[in-house]
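# Coordinate inspection notes
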2 protein chains.
Amino acid sequence: MLRPMLATPLRALAVALGLQAAPAMAVEEPPLEITAMGSFHVGGRLAEISGQPPRDIVFTPGGPPARVDVNGRYQVEQMYVQWFRPKAERGRVPLLLWHGGGLSGVTYETTPDGREGWLNWFLRRGWTVLNSDAVERGRSGWAPPEVWGAPALHLPVGNPFERFRIGQGQGSYDSDPAKRQVLPGNQFPVEAYDQFPLQLSPRWTTTDAPTIAAYTALVDKVCPCVILVHSQAGQFGFRVAQARPDKVMALIAVEPSSVGDPGRADALRTVPTLMLYGDFIDDDPRWPTIRRTGLDFAGRMRAAGGHVDVVDLPAQGIRGNSHMIMMDRNSGEVAQLIQTWLQQKGLWRP
Amino acid sequence: MLRPMLATPLRALAVALGLQAAPAMAVEEPPLEITAMGSFHVGGRLAEISGQPPRDIVFTPGGPPARVDVNGRYQVEQMYVQWFRPKAERGRVPLLLWHGGGLSGVTYETTPDGREGWLNWFLRRGWTVLNSDAVERGRSGWAPPEVWGAPALHLPVGNPFERFRIGQGQGSYDSDPAKRQVLPGNQFPVEAYDQFPLQLSPRWTTTDAPTIAAYTALVDKVCPCVILVHSQAGQFGFRVAQARPDKVMALIAVEPSSVGDPGRADALRTVPTLMLYGDFIDDDPRWPTIRRTGLDFAGRMRAAGGHVDVVDLPAQGIRGNSHMIMMDRNSGEVAQLIQTWLQQKGLWRP
């Protein structure tokens with residue numbers, strides 16, 4: 001009875017979600033077939049807050065404040081992980097995706113212009129993928145102000161445009177899209193830039209230790225594995241791999257903004273590592289230093305007998321990548337480069 | 001070459017994730033087969049912060065504070081939505097899951113004792129499901145303190161135990177699980193209670209209007225649909241349905257803690273509605289009033305010519321349900337009750 005009226009809604013939904021593009025893409029892409037999925041939280045601790053005065057909180061706008069006792073025991077510093085298992089598993093171990101600063105696992109789910117993210121890309125190649133929100137971000141929750149002793153940092157909408165090598169640095173963002181100064185040849189889908197700040201997550205600057213603890217707990221729970229990290233997660237990936245080298249079959253660092261303990265580079269001797277850097281770095285005020293730190297660390301790993309491949313994408317003819325490589329127009333091309341490297345390491349069943 | 005060494009990790013992962021239980025369950029359950037998924041943010045606005053003094057933020061623990069200018073334009077009040085499409089679609093419209101207060105979409109993903117949540121349950125029955133994090137929660141992000149004019153509220157670990165009809169009210173929680181006073185016959189997996197606070201999300205009490213705006217934007221984007229709401233989302237579901245009655249083919253309210261605009265109950269005349277209430281309500285200090293508000297609203301809808309089914313689960317012989325019905329041991333039984341109702345409404349292809 002409802003059929004005539006409801007024949008179109010699922011088509012309408014497909015249009016709304018941008019799935020109209022799917023048939024064309026499906027020609028090239030392996031199918032997405034997920035037969036198991038779920039989520040869990042890992043790590044964390046209980047924090048006791050005591051001796052705080054009651055807080056006045058307004059529960060209904062315009063209403064009188066109610067006195068709330070904030071003292072008590074709180075669950076803090078846990079980490080949220082969502083996992084997907086494809087029907088035909090070809091990765092020999094699970095693939096863990098760790099996002100960067102001011103962001104969450106959404107980084108890998110979708111691109112600002114609505115294409116599929118690396119989560120789907122690797123699932124389509126048969127990897128079991130675990131995508132997490134770092135401590136304090138997204139579905140991991142965040143602690144009462146007494147626990148981390150610092151306020152959260154919120155990024156203004158133009159900040160990533162100027163800082164992630166999308167625009168031409170400081171002052172290149174404008175609220176009028178037509179006036180934004182984009183780096184010429186940039187692969188970031190700049191026409192959809194305004195969708196990107198929707199993904200931003202407030203962050204703290206004082207939570208490295210609990211974040212590393214939670215990632216270590218994750219590795220202890222689900223690895224051996226391959227870990228792919230981006231930006232801020234560079235230090236998390238390298239440090240956790242230094243603590244659990246036997247659990248990490250390979251580490252892929254996409255523009256790591258920091259690295260591991262330089263004094264313990266030898267701990268990574270048995271961890272094959274791939275480091276990737278995009279374009280526009282030479283003329284950026286910050287990135288030459290950040291990349292040099294990464295290359296120095298790679299040198300230490302090699303000196304200790306480790307195996308590190310550093311890929312400078314423009315030197316390989318892959319030009320125009322911003323810091324958000326997994327969102328750039330050529331994100332699939334770079335994913336394929338990573339996939340080929342993983343195959344060469346014997347971590348995927350051809 | 002890696003095969004012998006790595007033959008076990010995926011089995012180990014399955015154990016770690018509790019998938020060992022899957023074969024037994026798979027006998028009864030329809031298969032999970034997802035062939036499309038993604039996420040997006042919807043709604044929100046730009047908020048300008050100006051005239052604020054610089055803030056001192058410590059970026060490295062122990063390091064000197066850096067002066068940060070917090071003035072600028074911020075993206076706020078957007079909402080995160082993750083969607084999944086099953087291979088064999090049988091729901092005539094998508095099913096939207098809206099979680100309750102202090103929680104996020106994780107509510108529907110998993111139970112504290114590691115069983116599958118209602119997200120998977122309805123996907124296995126062929127529904128396209130959209131699971132969201134309300135404004136301010138989870139992957140939706142949250143606004144700088146200047147925007148909402150109130151601090152976030154964090155729930156201590158024992159709060160849901162005492163307030164969600166798991167324990168015997170105020171004072172029934174103890175940090176020692178053996179000393180917790182559980183309501184006799186409770187269906188909540190109390191042995192795994194300590195996993196539940198891991199899912200808690202800080203919340204505000206001043207964000208109803210932007211939350212309703214974002215849910216309305218979601219309905220405008222992806223509906224017609226069925227909406228299933230829980231607890232705090234009761235008011236969001238009823239109010240959005242009042243604003244878009246032509247887009248909501250059915251509304252399922254699981255223990256709504258509040259309802260729609262009583263003066264506009266007639267707007268829901270064409271929206272078939274199912275309201276569900278669990279056990280232990282009569283002896284609770286808060287829930288008799290909350291339920292009465294719901295029943296009054298149902299009465300107004302009926303008086304206006306609407307169709308509302310109110311199910312008192314214990315009166316139907318389904319006993320022991322806490323407020324977190326989707327996590328209770330009999331969550332599948334209640335999901336089946338909802339599914340049967342949806343089939344009766346012609347919203348599912350048998």
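Residues numbered from 1 in each chain as written. Chains lettered and ligands numbered in written order. Predicted model: local features only at pLDDT ≥ 70, side-chain atom pairs only at ≥ 80, totals over all residues. Heavy atoms only, no water.

## What about the overall build of chain A?
Within chain A, the regular secondary structure consists of 10 helices and 10 strands. Computed over C-alpha atoms, the radius of gyration of chain A comes to 22 Å, within 12% of the 20 Å expected from 2.2 N^0.38 for 350 residues, which places it in the range of a compact globule. Out of the 350 residues belonging to chain A, those deemed buried represent 59%. Contacts spanning at least 24 positions in sequence make up 74% of the contacts within chain A whose residues lie at least 6 apart. Only carbon and sulfur atoms are counted for the fraction: they give 51% of the accessible area of chain A, which is about 13,000 Å². Charged side chains of chain A number 35 positive and 34 negative; the gap between the two group centres comes to 5 Å. (Helix = DSSP H or I, 4+ residues; strand = E, 2+ residues; numbered from the N terminus. Rg over C-alpha atoms; globule rule 2.2 N^0.38 Å. Buried < 20%, exposed > 50% of the residue type's maximum accessible area, 1.4 Å probe, protein only. Contact = heavy atoms within 4.5 Å. Areas by Shrake-Rupley, 256 points an atom, 1.4 Å probe, with all protein chains shown as cover. Lys, Arg positive; Asp, Glu negative; His and termini not counted. Charge placed at Lys NZ, Arg CZ, Asp CG, Glu CD.)

## Observations concerning the environment of A:Pro31
Relative to the helices and strands, A:Pro31 resides in the loop between helix H3 (22-28) and strand S1 (34-49). Measuring from C-alpha to C-alpha, the distance between A:Pro31 and A:Asn120 comes to 9.8 Å, with 89 residues separating the pair along the chain.

## Here we look at the packing of aromatic side chains
This structure, assessed with the given rule, holds 32 aromatic pairs over all chains. Ring centres of A:Phe164 and A:Phe196 lie 6.4 Å apart, and the angle between their planes is 55°; on these two criteria the pair is classed as tilted. Here A:Phe196 lies in the loop between helix H6 (159-163) and helix H7 (208-222) and A:Phe164 lies in the loop between H6 and H7, a separation of 32 residues in the sequence. In terms of burial, A:Phe164 and A:Phe196 fall into one category: buried. Each residue in the set A:Trp142, A:Trp148, A:Trp204, B:Trp142, B:Trp148 and B:Trp204 is aromatic and connected to the rest through ring pairs, giving one cluster. If you follow A:Arg125 out to its NZ or CZ, it ends over the ring of A:Trp121, 3.6 Å from the centre. Positioned above the aromatic ring of B:Trp287 is the side chain of B:Arg165, whose terminal nitrogen or guanidinium carbon lies 5.1 Å from the ring centre. (Phe/Tyr/Trp six-rings, centres within 6.5 Å; stacked < 30°, edge-to-face > 60°. Lys NZ or Arg CZ within 6 Å of the ring centre and 35° of its normal.)

## What to know about the relation of the copies chain A and chain B
Between chain A and chain B, the superposition needs a rotation of 180° and an axial shift of 0.0 Å, giving an RMSD of 0.0 Å. Here the transformation between the copies is reduced to the relation of a two-fold axis. In terms of proximity to the rotation axis, the leading residue of chain A is A:Gly138, whose C-alpha is 2.1 Å off the axis. (Least-squares fit on C-alpha atoms with pLDDT ≥ 70 in both.)

## A word on the interface of chain A and chain B
With 84 residues of chain A at the interface, the matching set in chain B holds 85 residues. Summing both partners gives a buried area of about 7,300 Å² for chain A against chain B, and 64% of it is carried by carbon and sulfur. Taking the shortest distance from any N to any O, the salt bridge between A:Arg139 and B:Asp133 comes out at 2.9 Å. Taken together, the elements giving at least two residues each to the side of chain A that touches chain B come down to helix H1 (3-6), helix H2 (9-16), S1, strand S2 (55-58), strand S4 (72-86), helix H4 (118-124), strand S6 (129-133) and H7 of chain A. (Buried area = accessible area lost by both parts, 1.4 Å probe. Salt bridge = Lys/Arg side-chain N within 4 Å of Asp/Glu carboxyl O.)

## Comments concerning the pattern of salt bridges
Residue and element names in this part refer to chain A. A full pass over the atoms with the stated rule returns 35 salt bridges over all chains. Among the salt bridges present, the one from Arg124 reaches Glu29, with a minimum N-O distance of 4.0 Å. Of this pair, Arg124 sits in helix H4 while Glu29 sits in the loop between H3 and S1; the two residues are 95 residues apart in sequence, bridging distant segments of the chain. By the burial criterion, Arg124 is buried, and Glu29 matches it. Salt bridges sharing partners connect three or more residues here, namely Glu29, Glu116, Arg124 and Arg125.

## Things to note about unusual backbone geometry
With an omega of 25°, the peptide bond running from A:Cys223 to A:Pro224 counts as cis. Not every positive phi belongs to a glycine, and A:Phe280 is a case in point at roughly 70°. By secondary structure assignment, the location of A:Phe280 is in the loop between strand S9 (273-277) and helix H9 (287-303). Phi at B:Ser231 is positive, roughly 55°, even though this residue is not glycine. With respect to the helices and strands, B:Ser231 occurs in the loop between strand S7 (225-230) and helix H8 (233-243). By relative accessible area, which is 9% here, B:Ser231 ends up buried.

## A few points about the state of the cysteines
Residue and element names in this part refer to chain A. By the definition in use, this model includes two disulfides over all chains. For Cys223, the disulfide goes to Cys225, at an S-S distance of 2.2 Å. Given an S-S torsion of about 80°, the disulfide between Cys223 and Cys225 has right-handed geometry. Each member of the pair, Cys223 as well as Cys225, carries the same accessibility label: buried. (Disulfide = S-S within 2.5 Å.)

## Describing helix H10 (residues 331-344) of chain B
Residues and elements named next belong to chain B. Given a rise of 1.5 Å per residue, 14 residues ought to cover 20 Å, and the 20 Å separating the end C-alpha atoms of H10 matches this to within 8%. Of the positions making up H10, those classed as buried are Ser331, Val334, Ala335, Leu337, Ile338, Gln339, Trp341 and Leu342. Residues of H10 that are buried make contact with helix H4 (118-124), S7, strand S8 (248-254), strand S9 (273-277) and strand S10 (308-312). (Expected span 1.5 Å × (residues − 1).)

## Comments concerning the pairing of strand S8 (residues 248-254) of chain A
All names here are of chain A. Counting buried residues along S8, seven of its seven residues qualify, which places the element largely inside the surrounding structure. With six bridges connecting them, strand S7 (residues 225-230) and S8 associate as parallel partners. Residue His230 lies in a different strand from S8, and its bridge partner there is Val254. What joins S7 to S8 is helix H8 (residues 233-243), and the crossover it makes is right-handed. With four bridges connecting them, S8 and S9 associate as parallel partners. Residue Ala253 lies in a different strand from S9, and its bridge partner there is Met275. (Pairing = 2+ DSSP bridges. Right-handed = clockwise from strand over helix to strand, strands pointing away.)

## Regarding the nonpolar core
Grouped burial of nonpolar side chains is what soluble globular proteins tend to show. By size, the foremost hydrophobic cluster in this structure holds 107 residues, and its most contacted members are A:Trp98, A:Leu218, B:Trp98 and B:Leu218. Sort the elements by how many residues they give to this core and helix H7 (residues 208-222) of chain B lands first, with six residues. (Core = buried A, V, L, I, M, F, W, Y, C linked by side-chain atoms within 4.5 Å.)

## Some points on the packing of H7(A) against H8(A)
Residues and elements named next belong to chain A. Running from N to C, H7 and H8 point in directions that differ by 55°, and their axes come no closer than 10 Å. Classed by the angle they form, the pair H7 and H8 counts as oblique. Handedness of the H7/H8 crossing: right-handed. In contact with Asp208, Thr211, Ile212, Tyr215, Thr216 and Val219 of H7, H8 contributes Gln235, Phe236, Arg239 and Val240. Per-class residue counts for the contact of H7 with H8 are five nonpolar, three polar and two charged. (Axes fitted to C-alpha atoms, helices over the stretch in contact; angles between N-to-C directions. Parallel < 35°, antiparallel > 145°, perpendicular 65-115°, else oblique. Left-handed = near helix turned anticlockwise from the far one by under 90°. Nonpolar A, V, L, I, M, F, W, Y, C, P; charged D, E, K, R; others polar.)

## Thoughts on the side chain of A:Glu29
Taking the relative accessible area as the measure of exposure, A:Glu29 reaches 18% and is therefore buried. Among the polar contacts listed, one links the side chain of A:Glu29 to the side chain of A:Arg125, at a separation of 3.0 Å. (Polar contact = N/O pair within 3.5 Å; in protein donor to acceptor, adjacent residues only side chain to side chain.)

## Some thoughts on the confidence of the model for chain A
Residue and element names in this part refer to chain A. A residue-level look at chain A finds 91% of positions with pLDDT of 70 or above and a mean pLDDT of 92. Contacts for the low-pLDDT stretch residues 1-7, under 50 throughout, to residues beyond four places or in other chains number 12 contacts. Scored below 50 in pLDDT, residues 20-26 makes four contacts in the model with residues more than four places away or belonging to other chains. Scoring of the predicted complex yields 0.93 for pTM and 0.93 for ipTM. (pLDDT = per-residue confidence, 0-100.)

## Thoughts on H7(B)
Here H7(B) contains 15 residues, and its C-alpha end-to-end distance of 21 Å stays within 8% of the 21 Å for a straight helix at 1.5 Å per residue. Buried within H7(B) are the following residues: B:Pro210, B:Thr211, B:Ile212, B:Ala214, B:Tyr215, B:Thr216, B:Leu218, B:Val219 and B:Val222.

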